[in-house]
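# Report on the structure
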Amino acid sequence: VVMERQEWKAFVKTQVKQILKYKPEAVFVGENLFAAYPIVHALRKKHIPVLVLAEKDGQRLLVRIPSGS
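A brief report on the enclosed structure follows. (Residues numbered from 1 in each chain as written. Predicted model: local features only at pLDDT ≥ 70, side-chain atom pairs only at ≥ 80, totals over all residues. Heavy atoms only, no water.)

### What to know about the packing of aromatic side chains
Under the definition given, this model contains one aromatic pair. Arranged with centres 5.6 Å apart and planes meeting at 25 degrees, the rings of Trp 8 and Phe 11 form a pair that is stacked. Here Trp 8 pairs with Phe 11, and both are found in helix H1 (residues 5-20), just three residues apart, close to one helical turn. Assessed through its relative accessible area of 35%, Trp 8 is described here as partly exposed. The class for Phe 11 is partly exposed, based on a relative accessible area of 32%. (Phe/Tyr/Trp six-rings, centres within 6.5 Å; stacked < 30°, edge-to-face > 60°. Helix = DSSP H or I, 4+ residues; strand = E, 2+ residues; numbered from the N terminus. Buried < 20%, exposed > 50% of the residue type's maximum accessible area, 1.4 Å probe, protein only.)

Written out as structure tokens, the structure is:
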């Protein structure tokens, strides 16, 4: 699927709006952080931390990406 810039921005905005309806303390991003990065970036601007699962030395870690401006 190829999206125009405006379509993509509208998609990200809609996704963030849906997430913010639940007033989360943090949001978990599964699978692919890089694919979800525009949404993660928008959430951080709204001061919502993002949690990501990472693996290091065979251990699974829950990493918290702090909210920011």
